[in-house]
Amino acid sequence: MPLVSINAVIRRPSVLLRLPEETRSFAAIIKKEIWWFSLIPPSFLFIGTYFFGWRIGAEEPIHFEWPVLLSICVFYYVLLFGGLLILSLLSRWMAPTYATTRDLGSHLTVIVTSAAPLFLGSVAHLYPHIIVNSLVFIPMLLWSLWVLYSTLPELLKTDPQRGMLHASSLVGIVMVAGVSLIGMSVVLWTLGIGPTIGV
Amino acid sequence: MNAIDIHRKLEENAGLLIFGILFVSAIGGLVQILPSIFQETVEPTADTRPYTAAELLGRDIYIREGCSTCHSQQVRPLLAEVIRYEAPAHAGESVYDRPFLWGSKRTGPDLSRVGEKYTDEWQRIHLIDPRAVVPKSIMPAYPWLERRKANARNDVHLRMKALQRLGHPYSDEEIARAADDVAGMTELDAIVAYLQSLKIDTSVDQSEGGH
Amino acid sequence: MKILSSGTYSDRLVSYSVIFSLIWSILGMAAGVYVALELVIPTIDFGQEWLSYGRLRTLHTNAVIFGFGVTALMGTAFYSVQRTCHVELFSPRLAWFCIIAWQFTVLLGGLSLLAGWNAGKEYAELEWPIDILIAVIWVCFGIVFFGTIAKRKVKPIYVSNWFYGALIIVIAMLHIVNSLAIPVTISKSYSLFAGAQDAVVQWWYGHNAVGFLLTGGFLGMLYYFLPKQADRPIWSYRLSIIAFWAFTYSYIWAGPHHLHYNAIPDWVQTLGMVMSIILLAPSWATMVNAVMTVSGAPQKLKTDHSLKFIVLALAFYGLATFEGPMMAIKSVNAVSHFTDWTIGHVHSGALGWNALITFGTFYFLVPRLFNTQLYSKRLADIHFWLAISGTMLYILAMWGAGISQGLLWLSLGDLGELSYGFREIMASMQPYYILRVIAGLVFLSGAVVMIYNFFRTIAGRKTATVQIPAPSTASEQQVTV
């Protein structure tokens, strides 16, 4: 069957909504899709950073030695791969509250389909300029939110209202996870794991 | 009687509820604030003195224009910060600051050590038109400061008198001649005088950190 | 439903407070967008003092907190205290005075800020004559509110009233102490506190203004309007009790996290940090309580747009009350202090929590107050998407700016020298500041859509008169433990 994630962004919504009939197992999705899907953003980042460096508005772009760059991209990969899995586990954990299906594969399908616009939008990493990436990221984020809210009820076999609640809980979790990551990376930097900062 | 029953009593009696809220919410403030009033009175450092009439007027203009919303006046004892701004803040430097102006945002740089880093002339030009000396600056311009007299409301002596009442060591004759001291000064002169007074306190042993 | 022989609820003043609150929301947010633009194009003050960033930014904070926020709190407090007590307001005339006098005070305050009257302390910039006005009106607010509770026909005091009550009592304490000053002229006073001591008092005030006004008061709104809209009782009564008292106790201690690595004693900083982290528990307990309440009645979301906003507000509440304790940790704060991350955190709370739950509550109130249906569900949907987009865009822009600033300021090269000059870092903030302007415009346009919707809903109608029903012994005092 066609790839879950690409479908989300390329095919029409009616195709998307036929997905529940073709549920696949959690393990199958990981084996067939997630492992290479999560490779997309880190690969773009590696290529873009190698050629252009990070342009964050300072006069000189920031370049990395390739071993360091590789470790950054590996970390990025692990984060994305792990994030998709953990989010689907958390989503399934909330299932009793919102009377959604307990099938893990369905939850993973929701997470991957919703994340797909962002993953594909990471093509902007090919030119790691802060403005370019922001301008691409924002519409992709809104697209992701739209996919999440509009497809979750069908994919998780629940009514629209409970679906909306479940989706909002996921949005809350993602925001808290996001800010936690920021906090953790800041703490790591102040402990010396990262470029030198004088704290 | 278990806890829920006790709480029911509180829920059914508005007076108890009000008292309960007041009592519970007052504790934190008392613990954190009272010591600074009774036990740990902060002494001014050897170099810290009350603001002169001109500096006082300048400081009040700084407050009026909301400069604190973009500029901090508090160097933290963090290595990179000390390299950038030289000396960390000491509590004894702000004893005459009413209110304190440590700030909570640095859209622009920290100003607590800005005194005599730039000439008076640079400060004047920068305040009238920031982009004339810092091309990418986003600071607003303050052209009206050079059009107004610093002591236009003729109240600098009243201000110093109020501060004297609060314990600032001004002498009566200092207050009496305050108006003359600032006669003819513009608001621009006053605020430049204030900014130039913000200096490193060389009397403090820097190795002891912030307090 | 048995009708009590005495009276109807005093609801006209609630309608007026909703309208006033909405007016301030537009004015306050427009000022916010303008100052955001000034940080990109600094010359749009055209050399006018009253348009200058330093004054306009203060106008923005005061208009949204005291204009939009407090007016909404007063109105919803008056609406809900009557209904939870099954009585008309104690002294409706005094209540009217509170609402109207408050509007004048905010207006006067706003004009004074533009004129340059500024006490120099954040969220307490208004000078002493207006501080006195605020105190007087606040006391009247307390009299009406607690007076209504005193004559209640239902024995137990409902949980939303504990939160509104805490709002009134604690803000009174904070305002009076922090505003202590010696007046010099009508427009100038000097703080009774100086230097480091002033810092601790100011942030005891400042943090708890957030805690009891922006958090506590709006939790009162949540505890009344959410179960009302979901038509279900609060999920856990026991949890409400624990959360309320833990909240009231711990919030007060958190002030010093605004002063990490500043010249105040280490023990005060550490205490502030520890209590801020502890505060996460009661905050999230409340969020869980609310989410579980809604999840028991999802079918209401179909017809009720207000619930959608409240659910979203809860997600942002979770974010903000997690982010706060995290930023209170000293090693995180070393990077975040003085940066735009703090601004991002403020707005995730102010837009994501405060604005959204107020809008949700207004979507509930407006049709009911005027005994009609909302003019357009489609416009409410559009508003929903504009609100979530604007808020997320704002937060992301400020996270980007703040982390960038914080880390670059502290960045050292191989030889221990600073890697970047301050001016360079400041100039690199521009793209984030542009994104923030767009975010503000998106959010503001959502609010405009909402106001148009309400205008068409209300046009030509009067506030409905509602008879006060007798409390039914079973349902009013039912608790779910």
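Model, not experiment: these values are computed from the prediction.

The next subject is the overall build of chain C. Within chain C, the regular secondary structure consists of 17 helices and four strands. In terms of overall dimensions, chain C is globule-like: its C-alpha atoms have a radius of gyration of 22 Å, near the 23 Å expected for 481 residues. Each principal axis of the C-alpha distribution contributes one length, and for chain C these read about 80 × 50 × 45 Å. Expressed as a percentage of the 481 residues in chain C, the buried residues total 68%. Entry remark: accessible area of chain C is about 15,600 Å², with carbon and sulfur atoms responsible for 68%. Where the 27 positive side-chain charges of chain C centre and where its 20 negative ones centre are 19 Å apart.

Looking now at the nonpolar core. Residues F78(C), W341(C) and F359(C) are the most contacted members of the largest nonpolar core, which totals 227 residues. Of the residues forming this core, the biggest block, 18 residues, is contributed by helix α6 (residues 195–230) of chain C. Lining this core are residues from two domains, each supplying at least three of them: domain 1 (3–38) and domain 2 (53–196) of chain B. In contact with F359(C), not counting residues within four places along its chain, are M29(C), F68(C), F309(C), H383(C), F443(C), A447(C) and M450(C). Of all hydrophobic cores here, the second largest spans 37 residues; its members include Y62(B), C67(B), L163(B) and Y190(C).

Scanning the entire structure with this criterion turns up 27 salt bridges over all chains. Two residues, R55(C) and E65(B), come together in a salt bridge whose shortest N-O distance is 2.8 Å. Pair noted here: R55(C) is in helix α2 (residues 53–85) and E65(B) is in the loop between α3 (53–64) and α4 (79–85), and the two residues belong to different chains. Judged by its relative accessible area of 3%, R55(C) falls in the buried class. Assessed through its relative accessible area of 1%, E65(B) is described here as buried. Residues participating in the shared-partner salt-bridge network are R64(B), E65(B), R148(B), E187(B), E49(C) and R55(C).

Listed as interface residues are 88 residues of chain B and, on the opposing side, 97 residues of chain C. Taking both sides of the interface into account, the surface hidden between chain B and chain C amounts to around 7,700 Å²; carbon and sulfur atoms contribute 67%. For the chain B face of the interface with chain C, the top three residues by lost area are Q32(B), R76(B) and R84(B), together amounting to 10%. For the interface between chain B and chain C, the tally reads five salt bridges. When the shortest N-O distance is used, the salt bridge between R148(B) and E49(C) registers 2.1 Å. The greatest single-element share of the side of chain B that touches chain C, amounting to 18 residues, is contributed by helix α2 (residues 14–38) of chain B. Considering only residue class, the side of chain B that touches chain C consists of 46 nonpolar, 21 polar and 21 charged.

Another point: the domain arrangement of chain B. Domain boundaries assigned for chain B yield domain 1 (3–38) and domain 2 (53–196). Put simply, the middle of domain 1 of chain B and the middle of domain 2 of chain B, counted by C-alpha atoms, are 41 Å apart.

Take the pairing of strand β3 (residues 188–191) of chain C next. All names here are of chain C. Sheet topology note: the strand β2 (residues 181–185)/β3 ladder contains four bridges and is antiparallel. Looking across to β3, one finds that P183 is bridged to S189. The hairpin turn running from β2 into β3, its antiparallel successor, is two residues long.

A separate point is the packing of aromatic side chains. Residue and element names in this part refer to chain C. All chains considered together, the criterion is met by 45 aromatic pairs over all chains. Ring pairing ties together the aromatic residues W162, F163, F212, Y223, F244, W245, F247 and Y251, which thus form one cluster. The ring of Y79 has R83 lying over it, and the distance from NZ or CZ to the ring centre is 3.7 Å. Its end group placed over the ring of Y261, K330 keeps NZ or CZ at 5.0 Å from the ring centre.

This brings us to the side chain of H383(C). Residues and elements named next belong to chain C. As for its placement among the helices and strands, H383 is situated in helix α14 (residues 377–409). Note on H383: relative accessible area 1%, which makes it buried. Apart from residues lying up to four places away in sequence, H383 is in contact with F309, F359, Y363, G446, A447, V449 and M450.

Moving on: a nonpolar patch on the surface. All names here are of chain A. Among the surface-exposed residues, I47, Y50, F51, F52, W66, L70, V74, V78, V123, L126, Y127 and V132 lie close enough to one another that they form a single nonpolar patch of about 1,100 Å² accessible area. Those elements that place two or more of their residues in the nonpolar patch are α4 (40–52) and α5 (66–93). As for its position among the elements, V132 is in helix α8 (residues 130–155).

Residues spaced three or four apart along an α-helix face the same direction, because each turn holds 3.6 residues. Residues and elements named next belong to chain A. Look at helix α7 (residues 104–121): 26 Å from first C-alpha to last across 18 residues, which is about the 26 Å you get at 1.5 Å a residue. At A115, α7 shows its strongest bend, of approximately 40 degrees, with the proline P117 following within four residues. A large share of α7 lies buried, amounting to 16 of its 18 residues.

Taking 1.5 Å of rise per residue, 33 residues should cover 48 Å, and α14(C) covers 48 Å from first to last C-alpha, within 8% of that figure. For α14(C), the N-terminal capping position is held by S376(C), with its side-chain oxygen 3.3 Å away from the main-chain nitrogen of R378(C).

Thresholds applied
Residues numbered from 1 in each chain as written. Chains lettered and ligands numbered in written order. Predicted model: local features only at pLDDT ≥ 70, side-chain atom pairs only at ≥ 80, totals over all residues. Heavy atoms only, no water. Helix = DSSP H or I, 4+ residues; strand = E, 2+ residues; numbered from the N terminus. Rg over C-alpha atoms; globule rule 2.2 N^0.38 Å. Buried < 20%, exposed > 50% of the residue type's maximum accessible area, 1.4 Å probe, protein only. Areas by Shrake-Rupley, 256 points an atom, 1.4 Å probe, with all protein chains shown as cover. Lys, Arg positive; Asp, Glu negative; His and termini not counted. Charge placed at Lys NZ, Arg CZ, Asp CG, Glu CD. Core = buried A, V, L, I, M, F, W, Y, C linked by side-chain atoms within 4.5 Å. Domains from an automatic or database assignment. Contact = heavy atoms within 4.5 Å. Salt bridge = Lys/Arg side-chain N within 4 Å of Asp/Glu carboxyl O. Buried area = accessible area lost by both parts, 1.4 Å probe. Nonpolar A, V, L, I, M, F, W, Y, C, P; charged D, E, K, R; others polar. Pairing = 2+ DSSP bridges. Phe/Tyr/Trp six-rings, centres within 6.5 Å; stacked < 30°, edge-to-face > 60°. Lys NZ or Arg CZ within 6 Å of the ring centre and 35° of its normal. Patch = residues over 30% accessible without salt bridge, like charges linked within 9 Å, V, L, I, M, F, W, Y side chains within 5 Å. Expected span 1.5 Å × (residues − 1). Bend = angle between axes of the 7 residues up to and from the residue. Polar contact = N/O pair within 3.5 Å; in protein donor to acceptor, adjacent residues only side chain to side chain.

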